[in-house]
Amino acid sequence: MKRYTLHLVSLLSLALAMACFIPQRAAADDDDPPGRVARLGFVRGNVSFEPAGTEDWVSAVVNRPLTTGDKLWNDNDSFSELHLGSASIRLGSNTGFSFLNLTDNTTQVQLTEGTLNIRVRRLADDETFEVDTPNLAFTLLRPGNYKVNVDEAGDATVVIVRDGQGEVTGGGSAYTIHPQEVGTFNGTDQIDADVESWDNSSDDFDNWCAERDARIDHSVSARYVSDDVIGYEDLDEYGGWRPTPDYGTVWFPHVAVVGWAPYHYGHWAYIAPWGYTWVDDAPWGFAPFHYGRWVTVGGVWGWVPAPPRPVAVGVVYVRPVYAPALVAWVGGPHFAVGVGVGGGFAAGVSVGWFPLGPREVYVPSYHVSRAYVTNINVSNTRVETTVVNNYYNTTVINKNVTNVTYVNQRVTGAVSVTTPQAFTSAQSVSRNSVSFNAREVASAPVVATTPAVVPSRQAVLGAGVTATVRPPVALQSRAVVAKTAPPPPPPTFAKRQEAIQANGGRPLAMSEARQLQPETAQARPNIKIAPPAKPQAIQAKGVQPNSNKAATPVNAANKTVTPPATNPNRPPSAQPNAPVKTNNANPQLDQKHQQQVQDLRGQQDLERQKVEQQQVKERADLEKKAADEQAQQKLNQQHQQQLEDLEKKHDAEEAKLKQQQQAEKKNPPKPAKPAKEDKPPKKDK
């Protein structure tokens, strides 16, 4: 363990020193890129993709990271799936989708037509999740399962809340959609609203979404890796976990290629603001290439994951920070260190790299702050913050730099080398490999940062070919309603390419990219900010549906409108921000049910806290006994199982309570009759 600590000291020293000496390195947090992206994890049928800042539609490629400004189009009979850590977004047929804003705390998406299924497992107090459609903005208020549908004409939106709670804003009013409710909203400037109980109906798209959710809910990998790591649920099907003496539990992929090595079967794409980004070919190839580290154990490659979310109360947790590629670059006269003036490659050089090993520090090639360097390493390796701070002071302030030996540099097959043309035009690395002298590579200097070279348009488009299908022209310019004003659209590729050229081939900082947008770009013609909701409309007035237009849910399969199950006891109106009123509405019963739910969740929180405190005590007792790692692993698994069983128990309790409450609503208890007053005694005559 001592040699690993000394090794870590050296790595941190070099990394932080280089972070200091990179030209124009920004120190402000505003220049830090988002710590998360969206992963395109599944594609069925014809799915087209338009990268931010371009007007070119290409075929969508699995494992492509998506961010602000990226667009997707699902054609007929096509499905696709996105993951954002604790959230999943699934797109149905004939669906137009884009990210208006995607940061650490904001997810703002645009749905111009079609169907979205959204499942959010966690929603922080400072986190915003908003879906903007042509006639309303829908804000998710709680974790849950949601479905949003926009008809082909763009003047009707249906919102189904299976679980959770959301708020619809549009037409100067706000409407709260509660669990097990469906809201239908017709019109644009003025909205006709209809909110009623959901009949639990489902279609093929719903069934597919439920199957995808089940993979996440039953994932074994969640025991060993943080559930904020994007793409971890795919590891179960394509590999297995095994404990190792030096690195804890490691994931080993099931590969059929002889001599397989990470970061060899895929391509490099240019994605702002991170720059050159690895896109792997494997269906599981996202989490192991943007989080954690790689190492060989017994001659076999394995992935050391980002630590799982701690179960102990009070333990500091840093959400894993996304990295474009966790590799180091080979230097020397024949490799990528030879970059010419103006951001081009020098003549006769190739591009070579190898995966970083455990406890080795990743140095971003893009503009970041000191805190970002700390977080991206602490969240993806087992390095404490105090260690990073200590060695930052040693190497940056005191100028004490130590040489580094990388664990994977001399591993057979670890280094991948390709041509500059393949690197800069998103071509397959495995099909454009370059032979090299192994001895030269083993002794070559290591460059921690990505080669500074201006990207071509193909590098931004990635490996996708020109799309055969794309959204209709009218749909591409369709405006949507937003509750939160999104940022200006990303600069065009031509402007960004010119600025990168002037920057010596280095990626632009966030602030530099914002300066490329003119002030007039603040006003987006295809974004209509929803007017503030009128208090009198929310509190007093009911909204009558349009009798000349059927207020009905949209069927995603055929783009027609099919009537929902109608409650005969429900009047044809819906009050904004108020529960749906029926003939058997009972305010006292509703208040009782709400109190029951609050009491149950309070009791569950206390129960969970008690279990977690007991687990902390058990771990502390085990540490005092100096138990071996196997016993610690067994205890961790036991604790994980306890929490899983507790969650299942809590889910069952809430489901039982909901059933009881629904039964009471159908057959409300009759109010108790007032006690008969005693009649006064008759007076004697």
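Keep in mind that this is a model prediction, so the values were computed, not measured.

Asker: I would appreciate a short explanation of the confidence of the model for the protein in the present structure.
Answerer: As a note on interpretation, predicted positions should not be read in detail where pLDDT is low. Averaged over every residue, the pLDDT of the protein is 80; residues scoring 70 or more account for 74%. In this model, residues 1-28 is a region of pLDDT below 50 whose contacts with residues beyond four sequence positions or in other chains number 67 contacts. Of the regions scoring below 50 in pLDDT, residues 535-584 engages in 100 contacts with residues more than four places distant in sequence or in other chains.

Asker: How should I be thinking about the sheet that holds strand β25 (residues 351-355) in this particular structure?
Answerer: Sheet strands pair by backbone hydrogen bonding; their relative direction is either parallel or antiparallel. Sheet architecture is open: four strands sit in the order β26-β25-β24-β27, paired in antiparallel fashion. A strand with exactly one partner marks an edge of an open sheet, and here the two such strands are β26 (416-418) and β27 (446-447). Bridge count for β25 against β26 is three bridges, and the pairing is antiparallel. Bridge pairing in β26 links Gly-352 to Val-417.

Asker: Even after reading the chapter, I still don't get unusual backbone geometry, so can you show me in this structure?
Answerer: For residues besides glycine, phi is generally negative; the peptide bonds are generally trans as well. Backbone torsion omega between Ala-272 and Pro-273 reads 5°, so that peptide bond is classified as cis. Unlike most non-glycine residues, Asn-63 shows phi in positive territory, near 80°. Tracing the backbone through its elements, the reader meets Asn-63 in the loop between β3 (58-59) and β4 (65-66). One non-glycine residue, Asn-94, lies in the positive phi region at around 50°. Counting through the fold element by element, Asn-94 comes out in the loop between β7 (87-91) and β8 (95-102).

Asker: Sorry, what's going on with the nonpolar core here?
Answerer: Here is a general trend for soluble globular proteins: nonpolar side chains tend to be buried in one another's company. The biggest cluster of nonpolar side chains holds 66 residues, and the ones touching the most others in it are Tyr-263, Trp-268, Trp-278, Trp-284, Trp-294, Trp-303 and Trp-353. If we skip the residues at most four places from it in the chain, Trp-284 touches Arg-39, Asp-234, Leu-235, Tyr-238, Trp-251, Pro-253, Val-255, Trp-260, Phe-289 and Trp-294. Formed by 40 residues, the second largest nonpolar core is a distinct cluster that contains Ala-60, Ala-87, Val-131 and Ala-193.

Parameters and conventions
- Residues numbered from 1 in each chain as written.
- Predicted model: local features only at pLDDT ≥ 70, side-chain atom pairs only at ≥ 80, totals over all residues.
- Heavy atoms only, no water.
- pLDDT = per-residue confidence, 0-100.
- Contact = heavy atoms within 4.5 Å.
- Pairing = 2+ DSSP bridges.
- Helix = DSSP H or I, 4+ residues; strand = E, 2+ residues; numbered from the N terminus.
- Core = buried A, V, L, I, M, F, W, Y, C linked by side-chain atoms within 4.5 Å.
- Buried < 20%, exposed > 50% of the residue type's maximum accessible area, 1.4 Å probe, protein only.

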